[in-house]
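Inside the fold
Residues per chain, in single letters:
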Amino acid sequence: MYLTTTFKSIALAAILPFSLAACNKDDNNTNSSSQVTLTVENVLQSRPLVESGTFQGSGSPAVIQPGQSTTITFYAAKGEALSFATMYGASNDLFFAPANPGILVYDNMGNPIEGDVSDQVKLWDNGTRVNQKPGAGVTHPGVAESKNITEVTTLDAEGNTYLAASKLVTASLKYNGNSSFTLTLKNTSGGTANETPLSPGVWSISYIAGGNLLAPNPLYQSGKPTANGLTDIAEAGNNSTLATYIQSITGIFTPLSPILVVIYNGIDNPIYKTGQVDAGKGLMLLAQKGNADTLAAYLRTVKGVKAAYVLPAPSTTVLLPQISGAKGGMVSMQIDVTTGDRLAIATMYGFSNDWFFASAGNGVDAMQKGDISNTLQLFDDGTAVNQFPGAGVTQVNLAGTPLKESLPITAVPNPNAFTTLPDIAGIIKVNLQ
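Now for a description of the structure that goes with this document. Please read these numbers as outputs of a predicted model, since none were measured by experiment.

**Concerning the sheet that holds strand β1 (residues 33-42)**
- One open sheet holds the four strands; their spatial order is β17-β1-β24-β21, and the pairing between them is antiparallel. Strands with a single pairing partner mark the edges of an open sheet, and in this sheet they are β17 (330-338) and β21 (370-371).
- Here β1 pairs with β17 via nine bridges, running antiparallel. Following the sheet pairing, V40 is matched in β17 by V331.

As structure tokens, then:
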């Protein structure tokens, strides 16, 4: 699996340019020739969270009273986890949340987990207010303090007693199919010494790449000071500040697979045909696994194809997006072209089931100069059932096995059934000079 292997060194976000030689066919073309430099760059400003959102009760105010419940529906791949935070309302600054990285929703074999997961819900002290005996007599906001976040088990720092968090808030998972889950949170504190409402809260899912979560502590970190608006939840049950923060770090993260480049003359774009099923010449391997070698080898046998390249070298190297401000991966090569030559490229949307970027229509004039990013389009190869990008348990680059289908190649709409993508020029930049 090309992309998965590379992500084991995920910190290497920038990839150096390469210059490759291609297997060219004999060509007696006497037209004017030129040498152009093709540069392809992953310019995506990546985000560490796949999804995030808010939840609340159904009444007014929108708290979750004892006996009431709320639900969170989300997508996740194996190794990804659901995190959330909601205030223990009858406290100065306590909140419920699972231990980081959150509630794992698949077992080690990749099977979805269903049923009661309440034992993963914990109670935490935000460390910003001195605790009082929990209940209706709590004074808000209380006396300020400055401590790190700590777990509250049976006693807090002031000696107040609590039932286990799983006795006050129960959590149950249901698998909806196609990597979708619903978590039901129920307030079960009624009639206990720790009876409390639950505030509106936030939730998040982190991307996983190369076996590592990009945001292993998405909402808080035990033993560290509170941050990013969690205090507003823990002290006042106000989820707006933290919701704004997690929304700002939620979005797209995807590598680009090794780039297939084809130079041809006198024929239509030989990489794909929209409206037709995959021809079985190697495009499926590119679209599902990021392996362009088979398709490149086939294209070199096609009449009218002058050259087919896969770059960078080695072809197992992917172009990572911008990570924490570091420049994204980039490759560059020089190509000999002549008048009338066309150029087309293709590369996998790495965190998908079978999506690929490719030159739209009949490619571009190989001798033109400038930014040609706007000539690309995102396509669905139609050979694997689609799932949420970056949160699909059958996506090859998330250690999955695709669910086969056989549909015509089509353009991917934006927004689509799962998510809204940035403009293509905000993901991949292609330049000819």
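**Points about the pattern of salt bridges**
- Applying the stated criterion across every chain, the model contains five salt bridges.
- For K327, the salt bridge goes to E41, with nearest N and O atoms at 2.8 Å. Of the two residues, K327 sits in the loop between β16 (305-311) and β17 while E41 sits in strand β1, which places them 286 residues apart along the sequence.
- On the accessibility criterion, K327 (48% relative accessible area) is partly exposed.
- The closest approach of N and O atoms between K306 and D341, which form a salt bridge, is 2.9 Å. With K306 in strand β16 and D341 in the loop between β17 and β18 (342-348), this residue pair connects regions lying 35 residues apart in the sequence.
- Since its relative accessible area comes to 14%, K306 is described here as buried.

**Looking at the sheet that holds strand β7 (residues 115-116)**
- Across the sheet, four strands lie side by side as β3-β11-β10-β7; this open sheet has antiparallel pairing. The open sheet terminates on both sides in strands that have one partner only, identified here as β3 (69-75) and β7.
- Relative to strand β10 (residues 169-177), β7 is paired through two bridges, and the arrangement is antiparallel. By the bridge assignment, G115 is partnered in β10 with L173.

**Section: the side chain of N291**
- Checked against the element boundaries, N291 lands in the loop between α5 (283-289) and α6 (293-299).
- At 2.9 Å, the side chain of N291 and the backbone nitrogen of D293 are in polar contact.

**Digging into the nonpolar core**
- Ranked by size, the top nonpolar core spans 76 residues in total, and within it F74, F96, L183, V261, I335 and L343 carry the most contacts.
- Broken down by element, this core gets its largest block of residues, four residues, from β17.
- If near-sequence neighbours (up to four positions away) are discounted, F96 is found in contact with F84, A85, T86, Y88, V121, K122, L123, W124, A165, L168, V169 and L198.
- Counting 22 residues, the second largest nonpolar core, distinct from the first, contains L286, A308, V310 and F379.

**Remarks on the environment of L378**
- Residue position: L378 is located in strand β22 (residues 376-380).
- Look at L378 and you get buried, because its relative accessible area is 5%.
- Separated by 35 residues in sequence, L378 and P413 place their C-alpha atoms 8.3 Å apart.
- For L378, the residues in contact, after removing those within four places along its chain, are Y349, W355, F356, F357, T410, A411, V412, L421 and I424.

About the thresholds
Residues numbered from 1 in each chain as written. Predicted model: local features only at pLDDT ≥ 70, side-chain atom pairs only at ≥ 80, totals over all residues. Heavy atoms only, no water. Pairing = 2+ DSSP bridges. Helix = DSSP H or I, 4+ residues; strand = E, 2+ residues; numbered from the N terminus. Salt bridge = Lys/Arg side-chain N within 4 Å of Asp/Glu carboxyl O. Buried < 20%, exposed > 50% of the residue type's maximum accessible area, 1.4 Å probe, protein only. Polar contact = N/O pair within 3.5 Å; in protein donor to acceptor, adjacent residues only side chain to side chain. Core = buried A, V, L, I, M, F, W, Y, C linked by side-chain atoms within 4.5 Å. Contact = heavy atoms within 4.5 Å.

Coordinates in, geometry out; function isn't part of it.
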